[in-house]
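# A structural walkthrough
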Amino acid sequence: MKAMILAAGLGTRMRPLTDHCPKPLLEAGGKPLIVHHIEHLKALGITDIVINVSYRAQQIVDALGDGSAHGVTIRWSHEPTPLETGGGIRQALPLLGEMPFLLVNGDVWCELDPAWLTPLAGDLARLVLVDNPEHHPEGDFALDMAGRAHTIGEPRLTFSGISLIDPALVANQPEGAFKLAPLLRDAMQAGHVGGLHHRGAWVDVGTPERLQALDAWLRQRQ
């Protein structure tokens, strides 16, 4: 299985830290956020990784190269201007192939679970959902007892930024910038999206304060 790490964002919420450093290269626990992702993917047995880049792209490429220093193979999808989540995946499909892949948002920190990689069995996506953090109390989606994700319903959970995606979800979309969320909602309405409730460690590294808190937590674990 392949994985894609989304790393093309501008990192505006992290300013001024991202004025001169792309967000994926900001450090927590002594290493860049994106290196945590790479190490977690490798531990899961995924060593073929696609990364999309746009803002300060060359800094990220120079830092990681072909991935060999981390025991993985990295292929790059360059976006002259950010294509948003859906458009970024659509552009990277030639690198990802036709089989389902693990999609990881570069804005989060999370240890990965091999249970997330079981076959989709006809679904277009499987979302990893977490308890609602303080900064997002209303959540994103509902998860029923059968493991189906819904746009409405209770209890509501927050999308972790990690999912197993069938390329067919975006393959028929025109090239260019578009969001993934509307496609996921349409697929939910059609009954083609499953979900899992992850109760382990997860951090949305969206602000300098949360990055600082993650750094302190990781250093305590070392």
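Since this is a predicted model, take the numbers as computed values, not measurements.

## Thoughts on the overall build of the protein
For the protein, the count of helices and strands is six helices and 13 strands. Over its C-alpha atoms the protein spans a radius of gyration of 17 Å, differing by no more than 12% from the 17 Å that the globule rule assigns to 222 residues. In terms of its C-alpha atoms, the protein occupies a principal-axis envelope of roughly 40 × 40 × 30 Å. Within the protein, buried positions represent 50% of all 222 residues. A sequence separation of at least 24 residues applies to 75% of the contacts in the protein between residues at least 6 apart. In the form shown here, the protein has an accessible surface area of approximately 10,400 Å², with 53% of it arising from carbon and sulfur atoms. Looking at the protein, you have 18 positive and 25 negative side-chain charges, and the mean spots of the two groups are 1 Å apart.

## Things to note about the layout of surface pockets
Approximately 1,100 Å³ is the volume found for the largest pocket. Along its surface, the largest pocket is lined by 41 residues, and Leu6, Arg13, Thr85, Asn105 and Asp107 are the ones closest to its centre. For the lining of the largest pocket, the elements supplying multiple residues, two or more each, are strand E1 (2–7), helix H3 (84–96), strand E6 (101–105), strand E11 (156–165), helix H5 (181–189) and strand E13 (202–204). When its residues are assigned to classes, the lining of the largest pocket shows 18 nonpolar, 14 polar and nine charged.

## Notes on the UniProt feature "domain: Nucleotidyl transferase" (unreviewed entry) in the protein
In the numbering used here, UniProt assigns the "domain: Nucleotidyl transferase" (unreviewed entry) feature to residues 2–118. End C-alpha atoms of residues 2–118 are separated by 13 Å, and the span's content is 27% helix alongside 26% strand.

## Describing H5
Every buried residue belonging to H5 is among Leu183, Leu184, Ala187 and Met188, and all of these are buried. Angular distribution of buried residues about the axis of H5 spans 140°; they occupy a single face of the element. Among the exposed residues of H5, those pointing more than 90 degrees away from its buried face are Asp186 and Gln189. Where H5 ends, the next residue or the one after it, Gly191, has phi of about 80°, a positive value.

## Remarks on the pairing of E6
For E6, the tally of buried residues reaches four of five residues, placing the bulk of the element in the interior. As paired strands, E1 and E6 are joined by four bridges and run parallel to one another. Its bridge partner lying in E6, Met4 is registered against Leu103. Bridge analysis of E6 against E11 gives four bridges, and the strand direction is antiparallel.

## A closer look at H3
For H3, spanning 13 residues, the distance from its first C-alpha to its last is 17 Å, which sits close to the expected 18 Å at 1.5 Å a residue. Taken as a whole, H3 carries its principal kink of about 35° at Arg90; the proline Pro94 stands between one and four residues after it. Lining the buried residues of H3 we find E1, strand E4 (48–53), strand E5 (73–78), E6 and helix H4 (168–171). Once H3 finishes, Gly97 follows within two positions and takes phi at roughly 85°, a positive value.

Thresholds applied
- Counting starts from 1 at the beginning of each chain's written sequence and moves along it residue by residue.
- Selection of residues for local features in this predicted model requires a pLDDT of at least 70, selection of side-chain atom pairs for listing and counting requires 80 or more, and totals for whole chains, interfaces and linings are taken over all residues.
- Side-chain measures were taken over the full set of non-hydrogen atoms in the model, leaving aside hydrogen atoms and water.
- The numbering of helices and of strands both runs from the N terminus, where a helix is a DSSP run of H or I of at least 4 residues and a strand a run of E of at least 2.
- Radius of gyration here is computed from C-alpha atoms only, and the compact-globule reference equals 2.2 Å multiplied by the residue count raised to the power 0.38.
- Buried means the residue's accessible area, taken with a 1.4 Å probe over protein chains only, is under 20% of the maximum for its type, while exposed means over 50%, and partly exposed covers the values in between.
- Between two residues, a contact is recorded if the distance between any of their heavy atoms is within 4.5 Å.
- Only the protein chains shown count as cover for residues, and all accessible areas are computed by the Shrake-Rupley method using a 1.4 Å probe.
- Charge assignment: positive for Lys and Arg, negative for Asp and Glu; neither His nor the chain ends contribute.
- Every charge is mapped to an atom, namely NZ of Lys, CZ of Arg, CG of Asp or CD of Glu.
- Put simply, the grid is 1 Å and covers the protein atoms alone, a cavity is a trapped set of points that fit a 1.4 Å probe, a pocket is an open set with protein on both sides within 12 Å along at least five of seven lines, and lining residues have an atom within 4 Å of a point.
- Grid points are joined across faces, edges and corners, and a volume is the space filled by probe spheres set on the points.
- When residue character is reported, Ala, Val, Leu, Ile, Met, Phe, Trp, Tyr, Cys and Pro are called nonpolar, Asp, Glu, Lys and Arg charged, and the others, Gly included, polar.
- UniProt positions are given in the numbering used here, feature names are shortened, and annotations may be inferred rather than shown by experiment.
- By arc we mean the arc of the directions from the helix axis to the C-beta atoms, nothing more.
- Think of it this way: DSSP has to see at least two bridges between two strands before they count as a pair.
- To estimate the expected span of a helix, subtract one from its residue number and multiply by 1.5 Å.
- Bend is computed residue by residue as the angle between axes fitted to the seven residues ending at the residue and the seven residues starting at it.

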